[in-house]
Every structure is written in C-alpha cells, then in structure tokens.
Amino acid sequence: MESLYDSQNRKAGKHNNMNIQAVQEQQITLTDLLAVIRMADLEKKGSNIGGSINTSGASLSSSSQTKKSVTYARFYKEWIKSKTKLSPATKSKYNYLYHNHIDAHLGDKLLTEIKPSDIAALIEIKKEELASSIVKEIVCCVLRQSLKYAEGLGYIDKNVAKYVDIPTVEQNHGRAMTNDEIKRLLEEAHKHRLGISIDLLLYTGMRRGELLGLRWDDIDLERGTIRIERAFVRSVDKRTGKTVDVIGSPKTKKSAREIAIPKSLIETLRAYKKREERAGRGGYKYLLSKDGSDEPYNTANFSRLFRKWRDTADVGKDIHIHSLRHTYCTLMHEAGVDNYTLIQQTGHVDTRMLERVYLHKRNMKMQENAVAKYEAKLQEILL
C-alpha cells in the first residue's frame, strides 16, 4: 500500500516533471529568465518614477505614449530624486547647474527630441560664460547621467550626450602655501574678530562648510577634540529658484568624524571664547556667528572676508580657502604622518584623492627629508 508520504512525493514529482517539460518546450534559459526579470524591473521603475505631475495632472508612467511626451525638465526632477546615494552638497550642486545653466536651454524639450547638436550648442554658449571644468560637470555629471537613466528606462533609444565632445579641462588642484604666506595671512586675519577661522582651517584641514557649521557644543577643549557633524551646503530654493546656503550633513559619511586638535589651538580657542563672552556673545551656539545675532556666517560672506585678508596679506590670487586644506595635508605629510591617519582627520573616503590632489611638494622638502633619513640609515650601517 502506498503511504501518504509516498503519494505526496509522487504527485510532487509528477508536478515538477510537468514544470520542467513546460520550460523545456518553451526553450527558456536562465539568461532569458533574467532578461524578463530585468525588463519587469525597468517597467516597474518607469511606472513609479516619482509621481511627477504633468500639465494634465497625470503621473509619469511607462506607457509609450507618455514616454514620448516627457520633457527633460520633468524627467530631471525624477532623476535627481532617484540619486539617493549622492551627498546633499553634490545634489545641491547638480540642482544649481540644472536650474542656472541647463533648464532655459533644454528644460522644455521633449526627451525624445534632444539631439547631440542641442547639447553641443549649450556647450558653446556656456564656454563663453563658465570655466571649462564647470561645463564638463554640466555635461558629464548631469546630462550624461540623467539621459543614461532615461535610456535604461526606455524613455529614449540612446543617450545622445555620449556623442558630444566636451571641453578639455586643465587639471589645477591648487597649491599649498609657503611658510611666509602662512605667516602673513595669519597676521592679517588676526586683526579681525573672526581671524580664528584661519587657525582652525590650518590646524585641522576642515572644509569651509564644516568650519561654518561648527557649534561650541562640537568642541571639547578638555579632550582636545572637534566633532564634525554638519556643514553649510549650497542649495536651490524651490520657490524662488535662487541659490541659498543651508545647514546640512557633511559631504560624505566619512566626513562626519571626530578630529584631534593640538594644544596651541586649544589655547587659541579658550582665548577666543573669553573675548566672545566679554562681547556679550557667550551664549551663542555657533562658533563663527554674525556680530549681532546667533546666526553663522554663510559661505558667500565668509569667502569675501577671506579674499580681503588674502589680498591685504598679498599671498597671491591663486590662494583660496581650500588652499588651507591643501596646506594642512602637505604639512602633515612632511611631518611624517601616515596617509591612513590623515584621511581620518580630513574625512576623505580613501587615500587616492589625498595622494592625487592634496599632497604637494613645497620646495623639495619631502625629498630633502627622505634623503636625510636615508643618509642617517646608511651612516648607521657604515659606522
């Protein structure tokens, strides 16, 4: 007699054989199945591409008719929403580039009607207004990436931005300051109430936005540490379309960090805190507040202040706020600090950017140090 267990197995086996036979008859391979799943996923993304409302009140969908009627402006809004892994600062930059340099030229065009010649014409116009590096960002970071997304979802047949030549960009990552330039800049900055900002940039290597977002609660003078938890980032006001500064998250996850500060900076901060208290600003939460309110300096005002100090100190027009970060990295490297420790302090993701952009040679100093160390080692062997 057949047991219930055997009966169930027999039926299951028969059912499985039928399924296998059906698959074989249809000649469906694993590759075919994966392709079907991929297409279903793309259709799902297309149908849920963000609920953007068109003039008739309908959301974007994956129907062929809707795809043909989508403007670049509508699609851009949904594409930028999909970029969830971008830092707030990068997303704000893309929005700035789109609203200020792309929208007027391509926003009203249908995705399916954008041609390489349209993008080439935009490049020619912007080459007269902007640095070649900014034009490259417009094409490579915004247009190529968004149209690649549109191609993947089936809204266009091909990414036309790939077929457009972009301006050649001369790599100029800035430079580290000389010893004399450092002294002159500090001397000039210290004549101003907020001159401590230069000390902070030189002694910590933090970014401008991180500096402006600093609060007193972020600083532990007893332990000698600073927590980087927020930063001023540029954003586009959706209501006015103007660029504004807002307090946001640091540039990347690695940028949110705790850094060590030297004793000399601790003492400078203690003295600055006492001066602020005497001036009636002891209860202010922001370190670099405006004179009359507990509001932080924004990036534009601070940049103007820095340029004033720079020009008066006569350290060269090629020195910018970010040059102090270059200087910090270079001096730390000259002092023998390893790259791993340096990226913990500066908030870089890895050492590649550090090595390619920030570690500058100042007057052959690093080579001189290396030669001196080698000579000492060789003398030790010979003696």
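Residues numbered from 1 in each chain as written. Predicted model: local features only at pLDDT ≥ 70, side-chain atom pairs only at ≥ 80, totals over all residues. Heavy atoms only, no water.

Description of the side chain of Lys126
Here is step 1 of the chain: Turning to its location among the elements, Lys126 is positioned in helix α6 (residues 116-129).
Here is step 2 of the chain: Assessed through its relative accessible area of 6%, Lys126 is described here as buried.
Here is step 3 of the chain: In this structure, Lys126 is in contact with Asn100, His101, His105, Val135 and Ile138, ignoring residues within four places of it in sequence. (Helix = DSSP H or I, 4+ residues; strand = E, 2+ residues; numbered from the N terminus. Buried < 20%, exposed > 50% of the residue type's maximum accessible area, 1.4 Å probe, protein only. Contact = heavy atoms within 4.5 Å.)

Comments concerning the pattern of salt bridges
Here is step 1 of the chain: Summed over all chains, the structure comprises 23 salt bridges.
Here is step 2 of the chain: Note that Arg175 and Glu181 form a salt bridge whose closest N and O atoms lie 2.9 Å from each other.
Here is step 3 of the chain: Judged by its relative accessible area of 25%, Arg175 is partly exposed.
Here is step 4 of the chain: The exposure class of Glu181 is buried, given its relative accessible area of 10%.
Here is step 5 of the chain: The salt bridge partner of Glu210 is Arg257, with a shortest N-O separation of 3.0 Å. Within this pair, whereas Glu210 is found in helix α10 (residues 208-212), its partner Arg257 is found in strand β5 (residues 257-260), the two being separated by 47 residues in sequence. (Salt bridge = Lys/Arg side-chain N within 4 Å of Asp/Glu carboxyl O.)

Some thoughts on the nonpolar core
Here is step 1 of the chain: Ile198, Ile226 and Leu269 are the most contacted members of the largest nonpolar core, which has 39 residues in total.
Here is step 2 of the chain: Those elements that place two or more of their residues in this core are α8 (179-189), α9 (196-204), α10, β2 (225-228), α11 (263-278) and α12 (299-313).
Here is step 3 of the chain: Those residues in contact with Ile226 that lie beyond four places of it in its chain are Leu200, Thr204, Met206, Leu214, Asp218, Ile219, Arg257, Glu258, Ile259 and Ile261. (Core = buried A, V, L, I, M, F, W, Y, C linked by side-chain atoms within 4.5 Å.)

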